[in-house]
Amino acid sequence: MTAWFRAVYDLGVGMALMLVAFDVGAIAGRLHGRLARRPRVGAVLTPLVLRATCAGLGAIGVAVGAVRLVAWYRVTA
(Lines give C-alpha, C1' and ligand atoms only; values in the text may rest on other atoms or scores of the structure.)
Protein backbone atom coordinates (compact mmCIF):
# COMPACT_ATOMS: atom_id res chain seq x y z
CA MET A 1 0.00 0.00 0.00
CA THR A 2 1.46 3.32 -1.02
CA ALA A 3 1.90 6.19 1.40
CA TRP A 4 -0.69 8.51 -0.17
CA PHE A 5 -3.29 5.73 -0.29
CA ARG A 6 -2.75 4.98 3.40
CA ALA A 7 -3.12 8.67 4.25
CA VAL A 8 -6.35 9.01 2.26
CA TYR A 9 -7.64 5.75 3.74
CA ASP A 10 -6.99 7.03 7.29
CA LEU A 11 -8.75 10.30 6.47
CA GLY A 12 -11.73 8.43 5.03
CA VAL A 13 -12.12 6.13 8.02
CA GLY A 14 -11.73 9.08 10.38
CA MET A 15 -14.40 11.05 8.55
CA ALA A 16 -16.77 8.06 8.57
CA LEU A 17 -16.33 7.75 12.33
CA MET A 18 -16.95 11.48 12.70
CA LEU A 19 -20.22 11.08 10.78
CA VAL A 20 -21.33 8.59 13.42
CA ALA A 21 -20.12 10.93 16.16
CA PHE A 22 -22.12 13.87 14.80
CA ASP A 23 -25.08 11.51 14.33
CA VAL A 24 -25.65 12.30 10.67
CA GLY A 25 -28.73 10.37 9.60
CA ALA A 26 -29.22 8.95 13.12
CA ILE A 27 -26.50 6.37 12.51
CA ALA A 28 -25.71 5.96 16.20
CA GLY A 29 -29.34 5.21 17.01
CA ARG A 30 -29.57 2.68 14.21
CA LEU A 31 -26.40 0.92 15.30
CA HIS A 32 -27.63 0.89 18.90
CA GLY A 33 -30.95 -0.57 17.83
CA ARG A 34 -29.22 -3.32 15.88
CA LEU A 35 -26.74 -4.17 18.62
CA ALA A 36 -29.25 -3.89 21.48
CA ARG A 37 -30.95 -7.09 20.36
CA ARG A 38 -28.02 -9.03 21.75
CA PRO A 39 -28.09 -9.86 25.46
CA ARG A 40 -26.21 -7.50 27.83
CA VAL A 41 -25.19 -5.13 25.03
CA GLY A 42 -28.10 -2.68 25.06
CA ALA A 43 -27.43 -1.45 28.59
CA VAL A 44 -23.72 -0.82 27.99
CA LEU A 45 -23.66 0.41 24.40
CA THR A 46 -25.95 3.42 24.44
CA PRO A 47 -26.04 5.87 21.52
CA LEU A 48 -24.12 8.39 23.65
CA VAL A 49 -21.32 5.90 24.38
CA LEU A 50 -21.22 4.93 20.72
CA ARG A 51 -21.01 8.57 19.61
CA ALA A 52 -18.31 9.43 22.15
CA THR A 53 -16.19 6.44 21.16
CA CYS A 54 -16.52 7.22 17.47
CA ALA A 55 -15.66 10.87 18.12
CA GLY A 56 -12.42 9.94 19.84
CA LEU A 57 -11.41 7.36 17.25
CA GLY A 58 -12.47 9.64 14.39
CA ALA A 59 -10.39 12.54 15.70
CA ILE A 60 -7.36 10.27 15.97
CA GLY A 61 -7.97 8.88 12.48
CA VAL A 62 -8.26 12.31 10.89
CA ALA A 63 -5.15 13.56 12.70
CA VAL A 64 -3.07 10.54 11.69
CA GLY A 65 -4.29 10.77 8.10
CA ALA A 66 -3.46 14.46 7.92
CA VAL A 67 0.03 13.91 9.34
CA ARG A 68 0.68 11.08 6.88
CA LEU A 69 -0.56 13.19 3.98
CA VAL A 70 1.69 16.10 4.95
CA ALA A 71 4.65 13.74 5.40
CA TRP A 72 4.00 12.18 1.99
CA TYR A 73 3.79 15.64 0.40
CA ARG A 74 7.06 16.74 1.97
CA VAL A 75 8.85 13.63 0.72
CA THR A 76 7.53 13.94 -2.85
CA ALA A 77 7.81 17.73 -3.19
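Below, the structure is looked at part by part.

Each value, and the rule that gives it
- Residues numbered from 1 in each chain as written.
- Predicted model: local features only at pLDDT ≥ 70, side-chain atom pairs only at ≥ 80, totals over all residues.
- Heavy atoms only, no water.
- Patch = residues over 30% accessible without salt bridge, like charges linked within 9 Å, V, L, I, M, F, W, Y side chains within 5 Å.
- Areas by Shrake-Rupley, 256 points an atom, 1.4 Å probe, with all protein chains shown as cover.
- Salt bridge = Lys/Arg side-chain N within 4 Å of Asp/Glu carboxyl O.
- Helix = DSSP H or I, 4+ residues; strand = E, 2+ residues; numbered from the N terminus.
- Buried < 20%, exposed > 50% of the residue type's maximum accessible area, 1.4 Å probe, protein only.
- Contact = heavy atoms within 4.5 Å.

## Concerning a nonpolar patch on the surface
Residues W4, F5, V8, Y9, V13, L69, W72 and Y73 make up a contiguous nonpolar surface patch of roughly 780 Å² in combined accessible area. Considering each element in turn, the nonpolar patch owes the most residues, five residues, to helix 1 (residues 3–21). Counting through the fold element by element, Y9 comes out in helix 1.

## A word on the environment of M18
Structurally, M18 can be placed in helix 1. The class for M18 is buried, based on a relative accessible area of 18%. The spacing of M18 and A59 is 41 residues in sequence and 7.3 Å in space, taken between C-alpha atoms. Leaving out residues up to four positions away in the same chain, M18 has contacts with C54, A55, G58 and A59.

## So, the pattern of salt bridges
Summed over the entire model, instances satisfying the criterion amount to two salt bridges. The closest approach of N and O atoms between D10 and R6, which form a salt bridge, is 3.5 Å. Remark: R6 and D10 occur in helix 1; sequence separation between them is four residues, near one turn of the helix. The class for D10 is buried, based on a relative accessible area of 10%. With a closest N to O distance of 2.6 Å, D10 and R68 form a salt bridge. Taken as a pair, D10 in helix 1 and R68 in helix 3 (residues 47–76) lie far apart in primary sequence, 58 residues in all.

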